[in-house]
Structure formats: C-alpha cells, structure tokens
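Listed here are the chains, written in short residue letters.
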Amino acid sequence: MPNLFSAVVVGAVVALIPAAPPGAETSLRLSVTHPGGSTSGSRTVTLRCDPPGGEHPEAQRACLELEGSGGRFEHRPDGRMCTAVHAPVIARAEGRWKGRPARFKAEYGNDCAMQSRTGTVFAF
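Residues numbered from 1 in each chain as written. Predicted model: local features only at pLDDT ≥ 70, side-chain atom pairs only at ≥ 80, totals over all residues. Heavy atoms only, no water.

Caption draft 1: Here's a closer look at the side chain of Ser116. Among the structural elements, Ser116 can be located in helix H3 (residues 111–118). A relative accessible area of 4% means that Ser116 is categorised as buried. The contacts of Ser116, once residues within four sequence positions are left out, are His75, Arg76, Pro77, Asp78, Gly79 and Arg80. (Helix = DSSP H or I, 4+ residues; strand = E, 2+ residues; numbered from the N terminus. Buried < 20%, exposed > 50% of the residue type's maximum accessible area, 1.4 Å probe, protein only. Contact = heavy atoms within 4.5 Å.)

Caption draft 2: A look at the pairing of strand S4 (residues 89–97). Bridging between strand S1 (residues 26–34) and S4 involves seven bridges; their strand directions are antiparallel. What sits directly across from Leu30, in S4, is Ala93. Of the pairings in the sheet, the one linking S4 to strand S5 (residues 100–108) comprises nine bridges and is antiparallel in character. Within the sheet, the bridge partner assigned to Ala91 lies in S5 and is Ala106. (Pairing = 2+ DSSP bridges.)

Caption draft 3: Quick look at the state of the cysteines. Inspection of the entire model under this criterion finds two disulfides. The side chain of Cys49 participates in a disulfide bridge whose partner is Cys63; the two sulfur atoms lie 2.0 Å from each other. Measuring handedness by torsion sign, the sulfur bridge of Cys49 and Cys63 sits at about -90° and is left-handed. On the criterion of sequence distance, the pair formed by Cys49 in strand S2 (residues 41–49) and Cys63 in helix H2 (residues 59–68) is long-range, its members being 14 residues apart. Here the two residues Cys49 and Cys63 agree in accessibility, since each one is buried. Covalent S-S linkage joins Cys82 and Cys112, the inter-sulfur distance amounting to 2.0 Å. Looking down the S-S bond of the Cys82 and Cys112 bridge, the torsion is -75°, so its handedness is left-handed. Taken as a pair, Cys82 in the loop between H2 and S4 and Cys112 in helix H3 lie far apart in primary sequence, 30 residues in all. (Disulfide = S-S within 2.5 Å.)

Caption draft 4: Examining the nonpolar core more closely. Counting 23 residues, the largest nonpolar core has Leu30, Leu47, Phe73, Phe104 and Phe122 as its most contacted members. Elements represented by at least two residues in this core include exactly S1, S2, H2, S4 and S5. (Core = buried A, V, L, I, M, F, W, Y, C linked by side-chain atoms within 4.5 Å.)

Caption draft 5: Structural detail: the pattern of salt bridges. In this structure the tally under the stated criterion is seven salt bridges. The salt bridge partner of Glu67 is Lys98, with a shortest N-O separation of 2.8 Å. Of this pair, Glu67 sits in helix H2 while Lys98 is found in the loop between S4 and S5, placing the two residues 31 residues apart along the sequence. The partly exposed category is assigned to Lys98, whose relative accessible area is 21%. Salt bridges here are not isolated pairs; linked through shared partners, they connect Asp50, Glu67 and Lys98. (Salt bridge = Lys/Arg side-chain N within 4 Å of Asp/Glu carboxyl O.)

Right, here's the structure in full:
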C-alpha cells in the first residue's frame, strides 16, 4: 500500500500550499480625476489587501470586490440609474495585485457611471 500512503502525503502537502506565494502582496494606488470644468481635481488613496487597509474608506469591501472579480477593476454596469450629466471622471490604478503588476485606466461620463462599473474600488 505505499501508493495510497504517498497519495495521502502528497494531498496533505498540496493542501498546505498557500493560494498566492509568500510576499504576494496587494498594494494599489488608486486615483480619481475630474478633468476641466468646475469639478477639476484629483483624489488618491492607497488600498492594501490581505489584510485590508490603506487610506481607502471601505478597504475591506473594495478588497472583497477585487477578490471576487479576480483582480479586474471593471465589470458590467450594476443597473443603477445615472443622469446623463456630462462630468468626465478618470479612474486609475497602479500597483500590485496578488504580487503581480496591475494597471488600469478608464474614463467615464460621470461619477455615477464610474461607480456602476467599478463598485466600491473607486468610491472615495
């Protein structure tokens, strides 16, 4: 029965391997910019996950959303009704997701449209 014993030992070792390699951190610099007009300006925060932290006001929820999407920053619209007011906003992310380089940039018609596509990640 050495084969059965080997399979049990290998299975136990595989169960102990973490999903991400040690030191595979998530640390993202997130920014929201309103170019031009009366709403010009930028806001920037840091989001860290595992454990959630940084300056993001809802770090835990933002990390859960990113985890659920496999690290994608944008998803299909969530169905909320947004006005057609044109107040452009640019969302950017740079850093590391689970130890791998992460970069994202997208422009939306307004904050509501952005949050409909990005959830809590850029809600700060």
